Amino acid sequence: MRKLVLLGGGYGNMRILLRLLPASLPQDTEIILIDRTPFHSMKTEFYALAAGTESDHDVRVPFPEHERLKVVNGEILEIGLQEKCIFMENGDRIAYDDLVIGLGCEDKYHSVPGADEFTYSIQTIGKSRATYQALLGLPAGAVVGVVGAGLSGIELASELRESRKDLNIKLFDRSPRILRDFPERLSNFVRKWFENNNVDVVSNSNITQVEPNMLYNHEETIPVDAVVWTAGIQPVKPVRDLGLASDSSGRIVINQYHQLPDDEHVYVVGDCAALPMAPSAQLAEEQAEQIVKVLKATWKGEELPETMPEIKLKGFLGSLGKKQGFAYLADRTVTGRIARLMKSGVLWMYKWHNG
Ligand SMILES: Cc1cc2nc3c(=O)[nH]c(=O)nc-3n(C[C@H](O)[C@H](O)[C@H](O)COP(=O)(O)OP(=O)(O)OC[C@H]3O[C@@H](n4cnc5c(N)ncnc54)[C@H](O)[C@@H]3O)c2cc1C
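So, how was this worked out
Residues numbered from 1 in each chain as written. Predicted model: local features only at pLDDT ≥ 70, side-chain atom pairs only at ≥ 80, totals over all residues. Heavy atoms only, no water. UniProt positions renumbered as here; feature names shortened; annotations may be inferred. Patch = residues over 30% accessible without salt bridge, like charges linked within 9 Å, V, L, I, M, F, W, Y side chains within 5 Å. Areas by Shrake-Rupley, 256 points an atom, 1.4 Å probe, with all protein chains shown as cover. Salt bridge = Lys/Arg side-chain N within 4 Å of Asp/Glu carboxyl O. Buried < 20%, exposed > 50% of the residue type's maximum accessible area, 1.4 Å probe, protein only. Helix = DSSP H or I, 4+ residues; strand = E, 2+ residues; numbered from the N terminus. Expected span 1.5 Å × (residues − 1). Contact = heavy atoms within 4.5 Å. Near = heavy atom within 4 Å. Polar contact = N/O pair within 3.5 Å; in protein donor to acceptor, adjacent residues only side chain to side chain. Pairing = 2+ DSSP bridges. Axes fitted to C-alpha atoms, helices over the stretch in contact; angles between N-to-C directions. Phe/Tyr/Trp six-rings, centres within 6.5 Å; stacked < 30°, edge-to-face > 60°. Lys NZ or Arg CZ within 6 Å of the ring centre and 35° of its normal. Parallel < 35°, antiparallel > 145°, perpendicular 65-115°, else oblique. Left-handed = near helix turned anticlockwise from the far one by under 90°. Nonpolar A, V, L, I, M, F, W, Y, C, P; charged D, E, K, R; others polar. Domains from an automatic or database assignment.

In the annotation of an unreviewed UniProt entry, the protein is listed under the name NADH dehydrogenase and assigned to Planomicrobium stackebrandtii. Listed under Sequence similarities (unreviewed entry) in UniProt, the entry text for the protein is "Belongs to the NADH dehydrogenase family."

Right under this line is the structure:
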């Protein structure tokens, strides 16, 4: 049996499973899916898990079942490209014929002293649970710093505000205006929401050090009771350890068929892949659609198209608590309740399509 091994059951590889199962997998091929969690974790919802507004059960989806899908639950230590096998933490080795690396990313601390040791994270379901425990255990009036005002920082700060009205929340934004790369209307809407809901947005910030109960913004010291880091990401360690050519964010360089340039049997999907767009679940899924087409053509011995179509994204949707949101879709800005309903609708559809 030919072995297609999928590393990581995230958004990219879930889409590959959805397209290949139940009927599009050749009879002589089996899939081995390896993940540290025995279910698909919906990373886009980890902010709500950490803020205590969604339960653990709400942010996971079972993996599909199929007679030729084997799910291996465990920690991947190393990807052996020479050996064509995966080395697991428990000593097991799993051989592959074709491989899709979809292990996602983890926090990047930009060498800020103390950031790794003294901040909480929302990059894995396990870390988000720990963050939930820490944040929800804080006494009334405690100060929470959220470092990084990108989409995940904004969503966490707003959700936490709705979850805990009694906390002092400070959102540290590196730029002069929130969501600087998007239209001012969008920035103003988000800024106003934070003003009205008593979240302190600290603009032009530069966190230079973290200590237990202390943040350094430039030279200023800010006492804090907990800090969550949402200020940068990089591919996970087993992927970084490959030492392959990468872009400025550490994402692996691939060819137009999403394969390693010198190994057509190894594909990279999602946050680990160097693509012209910022990493997102939507991008991972669109890329996965193309990988499935390439895999199917290769299995049938067909020639691959000379040029792959350009990946087009729809835009993004963000939430400000459970009632308000913002979106940037097809160069148009949508704010308020409608944007929030759209986000909930997308999530509902995702869960529905993924069982
Ligand atoms: C709070 C937050 C909100 C977000 N909101 C959005 C949004 O609204 N829209 C959007 O498009 N994107 C959003 N994103 C980004 C999105 O979640 C990622 O881009 C997406 O999850 C990447 O998908 P992926 O398939 O590359 O990997 P992931 O979905 O991250 O999956 C990786 C999988 O690999 C497994 N894994 C990792 N390392 C190992 C190992 N060593 N051993 C075993 N298993 C391992 C993990 O358990 C995980 O299941 C958000 C991210 C965050 C953190």
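K.L.:
Looking at this model, I keep getting lost on a nonpolar patch on the surface. Mind explaining?
P.N.:
Together, Trp348, Met349 and Trp352 make up an exposed nonpolar region whose accessible area comes to about 410 Å². A relative accessible area of 41% places Met349 in the partly exposed class.

K.L.:
What is the right way to read helix H4 (residues 125-136) from this model?
P.N.:
An α-helical turn contains 3.6 residues, so any two residues separated by three or four positions project in the same direction. Helix length check: H4, at 12 residues, gives a terminal C-alpha distance of 16 Å against a target of 16 Å (1.5 Å per residue), a fit within 8%. Considering only its buried residues, H4 is in contact with strand S3 (40-41), helix H2 (46-51), strand S11 (143-147), helix H5 (151-163) and strand S17 (226-229).

K.L.:
Any chance you could explain the site of the ligand here in plain terms?
P.N.:
If you check the shell around the ligand, you find 31 residues, and the closest are Gly12, Asp35, Ile76, Asp271 and Ala281. Between the ligand and Asp35 there is a distance of 2.5 Å, counted from an oxygen atom to a side-chain nitrogen or oxygen. Between the ligand and Ala281 there is a distance of 2.9 Å, counted from an oxygen atom to a backbone nitrogen or oxygen. Contact with the protein chains hides 90% of the accessible area of the ligand, taken as 990 Å² for the molecule alone.

K.L.:
Would you take a moment to explain the sheet that holds strand S16 (residues 220-223) for this structure?
P.N.:
Two strands in a sheet stick together by hydrogen bonds in their backbones, pointing the same way (parallel) or opposite ways (antiparallel). The 3 strands lie next to each other as S14-S15-S16, forming an open sheet whose pairing is antiparallel. Because the sheet does not close on itself, it has two edges, and the strands there are strand S14 (207-211) and S16. For this sheet, the mean inter-axis angle between neighbouring strands, taken without regard to orientation, is 20°. Taken together, the 4 bridges between S14 and strand S15 (residues 214-217) define a ladder with antiparallel strand orientation. Residue pairing for S15: Glu211 is matched across the bridge by Met214.

K.L.:
Can you help me understand the packing of aromatic side chains in this one?
P.N.:
Tallied over the entire structure, the rule returns 8 aromatic pairs. Both rings, one in Tyr109 and one in Trp229, keep their centres 5.6 Å apart while their planes meet at 50°; by these two values the pair is tilted. On the criterion of sequence distance, the pair formed by Tyr109 in the loop between strand S10 (105-107) and helix H3 (115-118) and Trp229 in strand S17 is long-range, its members being 120 residues apart. Given a relative accessible area of 2%, Trp229 falls into the buried group. Between the aromatic rings of Trp348 and Trp352, the centroid separation amounts to 6.4 Å while the plane-to-plane angle is 10°, which identifies the pairing as stacked. Here the residue Trp348 and the residue Trp352 both occupy positions in helix H9 (residues 337-353), the gap between them amounting to 4 residues, near one helical turn. For the residue pair Trp348 and Trp352, the accessibility class agrees, reading exposed in each case. These aromatic residues form a ring-pair network of at least three members: Phe182, Phe316, Phe326 and Tyr328. When the ring centre of Phe39 is taken as reference, the NZ or CZ atom of Arg60 above it lies at 5.0 Å.

K.L.:
How should the packing of H5 against helix H6 (residues 184-196) be read in this particular structure?
P.N.:
For the pair H5 and H6, interaxial distance at closest approach is 11 Å and the crossing angle is 30°. Relative to H6, the element H5 is oriented roughly parallel. The hand of the H5/H6 crossing is left-handed. Packed against H5, whose contacting residues are Ile154, Ala157, Ser158, Arg161 and Glu162, the element H6 presents Val190, Trp193 and Phe194 at the interface. Its residues placed into classes, the contact of H5 with H6 shows 5 nonpolar, 1 polar and 2 charged.

K.L.:
Would you mind showing me how to read the side chain of Ser158 here?
P.N.:
Within the secondary structure, Ser158 sits in helix H5. At 2.9 Å, the side chain of Ser158 and the backbone oxygen of Ile154 are in polar contact. Excluding its chain neighbours within four sequence positions, the residues that come into contact with Ser158 are Trp193, Phe194, Ser319, Leu320 and Gly321.

K.L.:
I keep staring at the domain arrangement of the protein and nothing clicks. Help me out?
P.N.:
How large an interface is tends to be reported as the accessible area lost when its parts come together. Per the domain assignment, the segments of the protein are domain 1 (2-36 + 74-105 + 234-299) and domain 2 (109-231). Here the C-alpha centroids of domain 1 and domain 2 sit 32 Å apart.

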